[in-house]
Amino acid sequence: GQGKILFSIASMIKPGTFDIDNMQSFSTPGITLFFSAPNDDFNPLMVYEVMLKTAYKLAKLLDAEILDDERHLLSNDKVEDIKAILEQYVEEEV
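To start, this report covers the structure provided alongside it. Just so we're clear, the structure is a prediction, and the values are computed from it rather than from any experiment. (Residues numbered from 1 in each chain as written. Predicted model: local features only at pLDDT ≥ 70, side-chain atom pairs only at ≥ 80, totals over all residues. Heavy atoms only, no water.)

## Observations concerning the packing of aromatic side chains
Part 1 of the argument: On inspection of all chains with the given rule, the structure shows one aromatic pair.
Part 2 of the argument: Aromatic pair Phe18 and Phe26: ring centres 5.3 Å apart, planes at 65°, arrangement edge-to-face. (Phe/Tyr/Trp six-rings, centres within 6.5 Å; stacked < 30°, edge-to-face > 60°.)

## Observations concerning the layout of surface pockets
Part 1 of the argument: Quantified by volume, the largest pocket comes out at close to 1000 Å³.
Part 2 of the argument: Ile31, Thr32, Leu33, Ile66 and Leu67 are the residues nearest the centre of the largest pocket, which is lined by 30 residues in total.
Part 3 of the argument: Within the residue set of the lining of the largest pocket, elements represented by two or more residues are β2 (31-34), α1 (44-62) and α2 (76-93).
Part 4 of the argument: The element best represented in the lining of the largest pocket is α1, accounting for seven residues.
Part 5 of the argument: For the lining of the largest pocket, the per-class residue count stands at 21 nonpolar, four polar and five charged. (1 Å grid on protein atoms, 1.4 Å probe; cavity = no way out; pocket = protein on both sides within 12 Å on 5 of 7 lines; lining within 4 Å. Points joined across faces, edges and corners; volume = space filled by probe spheres on them. Helix = DSSP H or I, 4+ residues; strand = E, 2+ residues; numbered from the N terminus. Nonpolar A, V, L, I, M, F, W, Y, C, P; charged D, E, K, R; others polar.)

## A closer look at unusual backbone geometry
Part 1 of the argument: Residue Pro15 is bonded to the preceding Lys14 through a cis peptide linkage, with omega at 10°.
Part 2 of the argument: Despite not being glycine, Arg71 has its phi angle at roughly 60°, a positive value.
Part 3 of the argument: Note that Arg71 resides in the loop between α1 and α2.

## Remarks on the pattern of salt bridges
Part 1 of the argument: Evaluation of the coordinates by the stated rule reveals three salt bridges.
Part 2 of the argument: The shortest N-O distance in the salt bridge between Lys83 and Glu80 comes to 3.5 Å. With a gap of three residues between them, Lys83 and Glu80 both fall in helix α2, about one helical turn apart.
Part 3 of the argument: Residue class for Lys83 comes out buried when judged on its relative accessible area of 19%.
Part 4 of the argument: A single network of salt bridges, built from pairs that share partners, joins Glu49, Glu80 and Lys83. (Salt bridge = Lys/Arg side-chain N within 4 Å of Asp/Glu carboxyl O. Buried < 20%, exposed > 50% of the residue type's maximum accessible area, 1.4 Å probe, protein only.)

Shape descriptors only; they carry no functional weight alone.
The structure is reproduced here in structure tokens:
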């Protein structure tokens, strides 16, 4: 929690923020994880990998499902499609 921010997490319900002081009574039907590119400090592929690992860990801890941008279960094909988009983006930025 002391380093630079790689990605963000928001609640699916407005206003999207988390009340840290009242987390024990907080509930939400879902969360979203996201990041912005370009980022001068980090490679988007690395950020995506860390974010994806975090999503899988959270899903396991919370007995939840991971959905894609179309609210379908996140498939391996979708994960690879996103990686390909990010790889192309990184190549274009070089």
